[in-house]
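Residue strings, one per chain:
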Amino acid sequence: MARNLWIGAPGRLREIQQAAKSWERTAELGVAEFKALEGRVTTFAPTRTIRRVKLSFDALEPEDAQHLVRLARRVGTGRGPLVVLDPASVNLLDPYQAAGQSDVPGGWDHWFTMNGAVTLARDADEISTVDCQDAAVAVGWVHGTWPGWPVAPGMRVSWLLPAGWDPATAVAQLDWKAADGTYLSTTQATATTGVTGTAPAGAAFATPVGRPGAVGLFGLAGACLTLGDAPVAHALGDGCPAMSVTAYTDVPATPLPYRNVSIDLVEVRGAAL
């Protein structure tokens, strides 16, 4: 993976070019076991699994070290959660969203619709679908925390529509938004299932949008949103979850002013001071 880690508050991301000495990105399963007297085991697990990220850097540049410490100590970052654009994430969509699944009937937690008559539903395999009664219908993907997926100006963003959409009629679209959610511009590709665009000046978020361009039933599984790489259909959604710092260390290195810094983060719904 050629790209680097980006981390910070929305609209104020910083690229950390130095590779981490250690890096863990495991999802916490939260599985509990219950063993009956006769020896049978029952397991209990939450519906969702949360991500934890642990990063450790040796002899980090002082500017990068100060940025991480500011995030950990909540200095100048605001009251909300942080953005972590993981270099190893192939698909920035939510895992269930990428698979076309939703906990909410109709899937309104993961998608929204524009223009004309449209119905969101589930098929027999529990995959969300969009029933378009109007060829002008547009479907947008919902991040869940922010007005879109966090980006920085100059980032190359690629978006692949769900599998099975007809490339002869489909339109792939990226809507660019400012830090306050205000719409800035659109990058669009017609008669194709994918589009690549560069985040313009002032862009803090990107919202992926798809237009089937035809009347009928269309599945929502298999889409992919990625940075700097070609998107892959049906790639596991690693997500781009909002995160909060739970621990950090800051140790002066030799020679000064370099610093050894580690930072632990957890996926959250919100973060407040």
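Residues numbered from 1 in each chain as written. Predicted model: local features only at pLDDT ≥ 70, side-chain atom pairs only at ≥ 80, totals over all residues. Heavy atoms only, no water.

(A) Representation of the packing of aromatic side chains within the structure. Applying the stated rule across the entire model yields three aromatic pairs. On the basis of an interplanar angle of 55° and a centroid distance of 6.5 Å, the ring pair of Trp-141 and Trp-165 is categorised as tilted. Residue Trp-141 is found in strand β12 (residues 138-141), and its partner Trp-165 is found in the loop between β14 (156-160) and β15 (171-177); the two are separated by 24 residues along the sequence. An identical accessibility class is assigned to Trp-141 and Trp-165; each is buried. Clustering of aromatic rings is evident, with ring pairs tying together Trp-141, Trp-159, Trp-165 and Phe-218. (Phe/Tyr/Trp six-rings, centres within 6.5 Å; stacked < 30°, edge-to-face > 60°. Helix = DSSP H or I, 4+ residues; strand = E, 2+ residues; numbered from the N terminus. Buried < 20%, exposed > 50% of the residue type's maximum accessible area, 1.4 Å probe, protein only.)

(B) Quick peek at unusual backbone geometry. The omega torsion of the bond from Thr-254 to Pro-255 falls at 5°, within 30 degrees of zero and hence cis. A positive phi angle, near 60°, is found at Arg-74, a position not held by glycine. Along the chain, Arg-74 turns up in the loop between α1 (62-73) and β8 (83-85). A positive phi is found at His-234, a non-glycine position, where the angle reads about 65°. Looking at the element boundaries, His-234 is found in the loop between β20 (224-227) and β21 (243-252).

(C) Main features of the sheet that holds strand β11 (residues 128-132). Reading across from one edge, β10-β11-β19 is the order of the three strands in this open sheet, with antiparallel pairing throughout. In this open sheet, the two strands that pair with only one neighbour each are β10 (118-122) and β19 (216-219). Direction aside, the axes of adjacent strands within the sheet are offset by 25° on average. Across four bridges, the pairing between β11 and β19 is antiparallel. In the strand pairing of β19, Val-130 is matched with Phe-218. (Pairing = 2+ DSSP bridges. Axes fitted to C-alpha atoms, helices over the stretch in contact; angles between N-to-C directions.)

(D) Representation of the side chain of Gln-173 in the model. In this structure, Gln-173 sits in strand β15. Judged by relative accessible area, Gln-173 falls into the buried class, the value being 4%. Among the polar contacts made by the side chain of Gln-173, one reaches the side chain of Gln-188 at a distance of 2.9 Å. Ignoring sequence-local partners within four residues, the contact set of Gln-173 consists of Trp-159, Thr-186, Thr-187, Gln-188, Val-195, Thr-207, Pro-208, Val-209 and Arg-211. (Polar contact = N/O pair within 3.5 Å; in protein donor to acceptor, adjacent residues only side chain to side chain. Contact = heavy atoms within 4.5 Å.)

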